[in-house]
Amino acid sequence: MAKIRGFHAEVIKERYRKIIEKKGYKFFDSDVPYNVNIIGVRNMHGQVNKFDDLILVIYRDSYKRWIVDSYQATTDPGLYWLKKPMNVDGTAILCPGQYRGSHKIDKHQGKYEALCQRGAEVTVWRDADRDARHDMDDSSKQTGWFGINLHKAGRASIRVDKWSAGCQVFKNDSDFKGFMQTMNEAAKRLGNSFTYTLIESTDVED
């Protein structure tokens with residue numbers, strides 16, 4: 001994890017605020033501490049089964065200073081589930097978008113606290129051809145309740161494998177612990193409801 005403060009955090013915040021608002025999405029601030037922006041950035045030049053995406057959390061701390069927390073993650077399913085879909089329609093790949101109030105702190109698979117899809121529907125592509133590519137075909141889109149959670153992999157996982165069947169998954173459990181500390185503080189201050197925004201690396205490159 002990288003925790004960025006000061007001028008660099010301000011620059012990154014402003015860059016992502018412009019990207020988010022250009023898409024017509026909400027960037028959360030209102031000069032309120034822990035009004036978190038949780039932003040997944042899918043690496044459009046990445047490789048299957050790698051933790052080569054980002055999850056960013058952009059927010060003000062208790063002194064109203066901007067903080068950017070950057071985490072290694074995957075926003076795509078692992079190779080295991082691409083080849084062995086658990087859903088007859090195919091493996092879920094979360095579509096880019098802003099999912100307002102979509103997640104709450106709850107137990108992932110009944111095991112540990114994570115951000116779980118409990119507040120709103122999300123939209124996914126269904127990849128059903130069982131090959132080693134992520135197929136993002138709009139004709140396969142579905143919207144609903146699919147359990148697309150934000151959770152952790154292992155202690156320091158190298159490959160995605162079984163860790164994601166469509167969830168947004170942190171590479172390191174130590175990073176995830178820090179993420180959840182921030183989420184719990186945000187929930188204590190502003191309530192247990194979180195928006196997740198997924199964009200693509202090409203949005204940042206523009």
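All of these numbers come straight from a predicted model, not from anything done at the bench.

Pairing in this open sheet of three strands is antiparallel, and the strands run 5-8-9 from one edge to the other. Two strands in the sheet have a free side with no partner beyond their single neighbour: strand 5 (91-94) and strand 9 (142-144). The average angle at which neighbouring strand axes cross in this sheet is 45°, direction not considered. Judged from the four bridges that link them, strand 5 and strand 8 (residues 122-127) form a sheet pairing that is antiparallel. Of the residues in strand 8, the one forming a bridge with Ala92 is Arg126.

Attention now goes to the packing of aromatic side chains. Taken as a whole and judged by the stated rule, the model has nine aromatic pairs. Summarising the aromatic geometry, the rings of Tyr71 and Phe179 are spaced 6.0 Å apart at their centres and angled 85° between planes, so their arrangement reads as edge-to-face. A residue pair is termed long-range when its members are at least 10 positions apart, and Tyr71 in strand 4 (residues 66-74) and Phe179 in helix 3 (residues 173-190) qualify at 108 residues. An angle of 80° between the planes, with centres 5.9 Å apart, marks the rings of Tyr112 and Phe176 as edge-to-face.

Assignment of secondary structure puts Val36 in the loop between helix 1 (6-22) and strand 2 (37-42). Sequence separation of Val36 and Asp137 is 101 residues, and the distance between their C-alpha atoms is 31 Å. Filtering out sequence-adjacent residues up to four positions away, Val36 remains in contact with Phe28, Val57, Ile58, Tyr59, Thr182, Met183, Ala186 and Phe194.

Attention now moves to the pattern of salt bridges. Evaluation of the coordinates by the stated rule reveals 18 salt bridges. Measuring nitrogen to oxygen at the nearest pair gives 2.7 Å for the salt bridge that ties Arg42 to Asp76. Placement of Arg42 in strand 2 and of Asp76 in the loop between strand 4 and helix 2 (79-83) is noted, with a sequence separation of 34 residues between them. Judged on exposure class, the residue Arg42 and its partner Asp76 are both buried. Between Arg65 and Asp61 there is a salt bridge, and its shortest N-O distance comes to 2.9 Å.

With respect to the helices and strands, the residue Met136 is situated in the loop between strand 8 and strand 9. Residue classification places Met136 among the partly exposed positions, given a relative accessible area of 29%. Separated by 60 residues in the primary sequence, Met136 and Asp76 have C-alpha atoms spaced 11 Å apart. Once you skip the residues sitting within four places of it in the chain, Met136 turns out to touch Arg42, Asp76, Ile93 and Trp125.

Thresholds applied
Residues numbered from 1 in each chain as written. Predicted model: local features only at pLDDT ≥ 70, side-chain atom pairs only at ≥ 80, totals over all residues. Heavy atoms only, no water. Pairing = 2+ DSSP bridges. Helix = DSSP H or I, 4+ residues; strand = E, 2+ residues; numbered from the N terminus. Axes fitted to C-alpha atoms, helices over the stretch in contact; angles between N-to-C directions. Phe/Tyr/Trp six-rings, centres within 6.5 Å; stacked < 30°, edge-to-face > 60°. Contact = heavy atoms within 4.5 Å. Salt bridge = Lys/Arg side-chain N within 4 Å of Asp/Glu carboxyl O. Buried < 20%, exposed > 50% of the residue type's maximum accessible area, 1.4 Å probe, protein only.

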